[in-house]
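Next come the chains, spelled out residue by residue.
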Amino acid sequence: MKLISKLFVLLILTSAMTTHAGSVNDKKLQIDKVADGLGIPWGMAILPDGTMLVTQREGKLSLLDLDSGNKTSISGVPKVKAVGQGGFLDVALSPDYAESGWIYFTYSKDVDGQGATTLARAKLNGDALSDWNDLLVTQSRTSKGQHYGSRIVFDQQGHLFFSIGDRGERDRAQNLNNHNGTILRLKLDGSVPQDNPFVGDNNALPEIWSYGHRNPQGLFYNAETQQLWGIEHGPRGGDEINLIEAGKNYGWPEASHGKEYYAPVSVGKKEVEGMENPVKVYIPSIAPSGLVQYQGDAFPEWQGDLFTGALALQHLNRVKIEDNQAVDEVRYLRTMNKRIRDVIESPEGWLYVSTDDGEIYRIQPAAN
C-alpha cells in the first residue's frame, strides 16, 4: 500500500482483573500507520466512500484517504477556542447522512471570552463545509480550559447524545440549572425531545439526560440493546465506565473513587445512596478518550467488548462485558508509548485509533 508503513506487532496484553484471569490469549494483529501530521486528531468519522474526516483540536478539519494517506484540508471550520483542552472536538455522521448530508460537530466556542461546549452541524461540499449551524451553545461556559467533554452518538431513533464535562467547576455537576457535567439528548435538528427526563421541571434544563459526570470523553450507543455507555475521567484515580440511563445521577463530585491532586484525600465517598455506581473503575487512572462497543465480524471474539483509548497510561484498553458487568481487561499497544486520543470501528470491523502525536493507525487481523 502506498505511503503506509506496516507494522506487525505482537501485542503485550495485561489482564487487570482476576475474574477471568488468563482467559484472553496474546494475539498477533496487523497494525498499519495510515497517516501522520494531524496535530491532535480528536475525532474521526468514516464517510460512505471510505475516506475519513478527522478533526484537529487546534481548529482544522482534514479529509483522509485511508489507502494512500493523502490529506485534504477542509475549509469552512468556524473559529474555535483552542485553549487548554478546548478546540475542535468530535465529528459524527448523521444516521440519515446518505439522504440529508448532515455532519455533526462539537467544539469549544468563545462566548464573551469564555469557552462553551457547542453542538453544530454542517454539510460537506467538495473541500468545504457549508450550511454551518450551531444547534446548541451549552450553558457550560467558564474561563477555565478543561473538561469540555465531548463525544456525539446517535440512537437510530431520531435522537443524538453528546457529553459535557464539569469544566473544572465540580459542584456545578450536581446543579441541573446548567449543562456542566451532563450528557444531553436532542433531536437531530437540535430541539428538545418531549420525553427527556427533566422536561417540565422548572429546576432543570430540558436537554439533560444524565448528570453528575466529571469529564466524559467517550460515548457509545448500542442500537441493538438500546444501551448508552459512557466513560469519563476521574481525578487522581477513579476513571469510570457507566451505563447511562435517563435522569440518573452519576455522583460527581459527591461520589468518586478518586483522590485530590494536592493530597491523598478522597473526593467524596465511593458510594452515595441515590447515585449510580460505575460498571468499572480504573485505579490508577488511565485517562480515557473515545469509546466503542465492538460489533464487527473481523474479530468475533471481541463482540460486545468495550474499547477506549488511554491518554495517561498510553494504550488501547479493552474491557470484556458480560451481563452489563466488566469481567476482564486487556491492554494493547503499550509498547508504542502513544497517547491514544480516539478509537472507532470501521464497516469492515477494523479499529482505527488516533494518537496525540498526530497519527492514525488501523488494527485488523494479521494475514497469518
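Everything that follows concerns the structure shown earlier in this document.
Below is a summary of the structure that appears in this document. (Residues numbered from 1 in each chain as written. Predicted model: local features only at pLDDT ≥ 70, side-chain atom pairs only at ≥ 80, totals over all residues. Heavy atoms only, no water.)

1. Some words on the sheet that holds strand S5 (residues 60–64)
If you walk across this open sheet you meet the 4 strands as S3-S4-S5-S6, and the pairing is antiparallel. Looking along the sheet, the strands with just one partner apiece sit at the ends: strand S3 (41–46) and strand S6 (71–73). Strand-to-strand, the axes of this sheet are offset by a mean angle of 25°, without reference to chain direction. Of the pairings in the sheet, the one linking S5 to S6 comprises 3 bridges and is antiparallel in character. If you follow Leu-64 over to S6, its bridge partner there is Lys-71. (Pairing = 2+ DSSP bridges. Helix = DSSP H or I, 4+ residues; strand = E, 2+ residues; numbered from the N terminus. Axes fitted to C-alpha atoms, helices over the stretch in contact; angles between N-to-C directions.)

2. Quick word on the sheet that holds strand S19 (residues 288–293)
Ordered by their spatial adjacency, 4 strands build an open sheet running S19-S20-S21-S22, and the pairing between neighbours is antiparallel. Of all the strands in the sheet, the pair left with one neighbour each is S19 and strand S22 (325–332). Taking the axes of each pair of neighbouring strands and ignoring which way they run, one obtains an average angle of 20° across the sheet. Two strands pair when backbone bridges link them, and strand S21 (residues 315–322) and S22 are joined in this way by 7 bridges, in the antiparallel orientation. Note that in S22 the partner of Arg-318 across the bridge is Val-330.

3. Observations regarding unusual backbone geometry
Here Trp-252 and Pro-253 are connected by a cis peptide whose omega angle stands at 0°. Within the secondary structure, Pro-253 is located in the loop between strand S17 (239–244) and strand S18 (280–282). In this model, Ile-283 is joined to Pro-284 through a cis peptide bond whose omega is 0°. Within the secondary structure, Pro-284 sits in the loop between S18 and S19. The backbone of His-147 sits at a positive phi, close to 60°, despite the residue not being glycine. Tracing the sequence through the fold places His-147 in the loop between strand S10 (128–137) and strand S11 (152–154). Positive phi, close to 65°, is recorded for Ala-287, a residue that is not glycine. Mapped onto the elements, Ala-287 comes out in the loop between S18 and S19.

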